[in-house]
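Each chain, written out:
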Amino acid sequence: MDLPLFRSNKSDSLYTLSFYNLENLFDTEDDLKTLDDDFLPHSERRWNRKRYEKKLYKLSSVITKIGTSKSSKPPILVGVAEVENKKVLLDLVATKKMVSHQYGIVHYNSPDERGIDVALLYQKDHFKVTTSKTVTVLVDNEPGIRDYTRDILHVEGFLNEEKIHVLVNHWPSRRDGAENTAYKRIIAAQKNRELIAQIQAHDAEAKIVVMGDFNDDPNSESVKNHLVQQDLYNPMMKLHTRYRGSLSYRSQWNLFDQIIISHSFHKLERGKHSFDHADIFDRKYIRVFEGRYKGSPFRTYAGPNYQGGYSDHFPVYVSLKLH
């Protein structure tokens with residue numbers, strides 16, 4: 001008797017684009033040019049080789065699962081934030097779970113005082129980088145005193161032979177209060193708009209993806225009023241609720257991590273990509289499973305206390321369908 005063939009419900013035509021704040025992915029070596037003293041073997045946090053390798057393994061186990069409930073492939077593009085240098089990215093893509101997927105890296109050192117950068121990982125079989133650059137976000141803490149925040153990473157390339165632009169962001173934090181620092185994130189949003197205008201001046205129908213940790217929610221002024229205009233669509237707006245987000249602070253959910261796309265992704269054209277769906281990757285195994293913070297992201301550190309988790313953020317992702 002012939003046995004029925006197994007049929008997977010995963011699609012070969014879905015391609016996942018994701019963003020993940022990796023929560024202080026530092027190596028264990030002292031960099032005299034940055035403030036990395038909290039992440040050294042003899043620091044209060046006792047950041048050592050064993051903990052570093054454990055974090056790499058955990059992060060890789062998450063990244064390679066994003067979007068795979070419907071897609072047959074791990075994410076083609078992975079924007080990341082809070083990485084110390086290119087070395088930690090090389091170590092990440094060389095892990096057992098990621099190495100077979102042949103991820104390339106686009107990374108530049110940013111002027112951030114802590115030395116944390118943004119970067120883009122990409123599967124070389126599906127994405128070809130043509131150009132990349134960084135764009136400085138100039139903001140002041142007070143007149144004449146610069147706040148050295150992260151640059152915007154602009155990567156242009158071909159996803160399955162279709163040109164797309166990816167802008168990877170990590171906007172200024174809320175450390176001194178959300179209202180007091182709101183103007184900084186508005187400046188970051190405006191700088192993205194400048195970049196988008198430059199891209200559209202050469203191609204009015206350009207496919208553009210803006211991703212990052214914006215340190216603001218989809219309905220915050222910086223995102224809703226300054227970044228997202230008639231040419232952009234924010235699928236994260238529908239995902240942010242009282243019960244869901246990408247990070248939790250004082251028992252309230254925020255969706256700082258977002259992926260925003262140009263409306264050109266809504267067109268259905270043969271040989272082109274269109275928007276299919278978006279989601280937060282918040283599986284149970286990357287959540288705190290008990291206690292006061294049950295359900296929130298299972299983080300690596302809570303203050304100086306080692307928790308042994310993944311990150312204090314959940315990844316987010318968008319799935320595109322190739323027609």
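Note that the structure is predicted; figures quoted are calculated from it, not measured.

A. Spotlight on the environment of Leu-40. Here Leu-40 lies in the loop between strand S1 (14–25) and helix H1 (49–63). Note on Leu-40: relative accessible area 15%, which makes it buried. When the C-alpha positions of Leu-40 and Thr-28 are compared, they lie 5.1 Å apart, and in sequence the two are twelve residues distant. With near-sequence residues (within four places) excluded, Leu-40 lies in contact with Thr-28, Glu-29, Asp-30, Arg-46 and Trp-47.

B. Structural view of the nonpolar core. Formed by 63 residues in total, the largest nonpolar core has its most connected members in Leu-77 and Leu-121. At six residues, S1 tops the list of elements feeding residues into this core. Excluding residues within four positions of it along the chain, Leu-77 makes contact with Thr-16, Leu-17, Ser-18, Leu-120, Leu-121, Tyr-122, Phe-127, Ile-164 and Val-166. In this structure, Val-137, Ile-152, Ala-188 and Ile-196 belong to the second largest nonpolar core, which totals 20 residues.

C. Main features of the layout of surface pockets. Its boundaries defined by the atoms lining it, the largest pocket holds a volume of some 1600 Å³. Elements supplying a minimum of two residues to the lining of the largest pocket: S1, strand S12 (247–249), strand S13 (252–254) and strand S16 (301–302). For the lining of the largest pocket, a count of residues per class yields 13 nonpolar, 14 polar and 15 charged. Its boundaries defined by the atoms lining it, the second largest pocket holds a volume of some 310 Å³. Along the wall of the second largest pocket there are 16 residues; nearest its centre are Asp-112, Glu-113, Asp-147, Tyr-148 and Arg-175. Going through the elements one at a time, strand S7 (145–147) and helix H3 (178–202) are the ones with two or more residues in the lining of the second largest pocket. Partitioned by chemical class, the residues of the lining of the second largest pocket number three nonpolar, four polar and nine charged.

D. Examining H3 more closely. With 25 residues, H3 ought to run about 36 Å at 1.5 Å a step, and its terminal C-alpha atoms sit 36 Å apart, in line with that. Every buried residue of H3 is accounted for by Thr-181, Lys-184, Arg-185, Ile-186, Ala-188, Ala-189, Asn-192, Arg-193, Leu-195, Ile-196 and Ile-199.

E. Structural view of the environment of Arg-185. By the secondary structure assignment, Arg-185 is in helix H3. Using a relative accessible area of 0% as the deciding quantity, one classes Arg-185 as buried. C-alpha separation for the pair Arg-185 and Met-211, spaced 26 residues apart in sequence, amounts to 14 Å. A distance of 3.1 Å separates a polar atom in the side chain of Arg-185 from the backbone oxygen of Ser-173.

Cut-offs and rules
- Residues numbered from 1 in each chain as written.
- Predicted model: local features only at pLDDT ≥ 70, side-chain atom pairs only at ≥ 80, totals over all residues.
- Heavy atoms only, no water.
- Helix = DSSP H or I, 4+ residues; strand = E, 2+ residues; numbered from the N terminus.
- Buried < 20%, exposed > 50% of the residue type's maximum accessible area, 1.4 Å probe, protein only.
- Contact = heavy atoms within 4.5 Å.
- Core = buried A, V, L, I, M, F, W, Y, C linked by side-chain atoms within 4.5 Å.
- 1 Å grid on protein atoms, 1.4 Å probe; cavity = no way out; pocket = protein on both sides within 12 Å on 5 of 7 lines; lining within 4 Å.
- Points joined across faces, edges and corners; volume = space filled by probe spheres on them.
- Nonpolar A, V, L, I, M, F, W, Y, C, P; charged D, E, K, R; others polar.
- Expected span 1.5 Å × (residues − 1).
- Polar contact = N/O pair within 3.5 Å; in protein donor to acceptor, adjacent residues only side chain to side chain.

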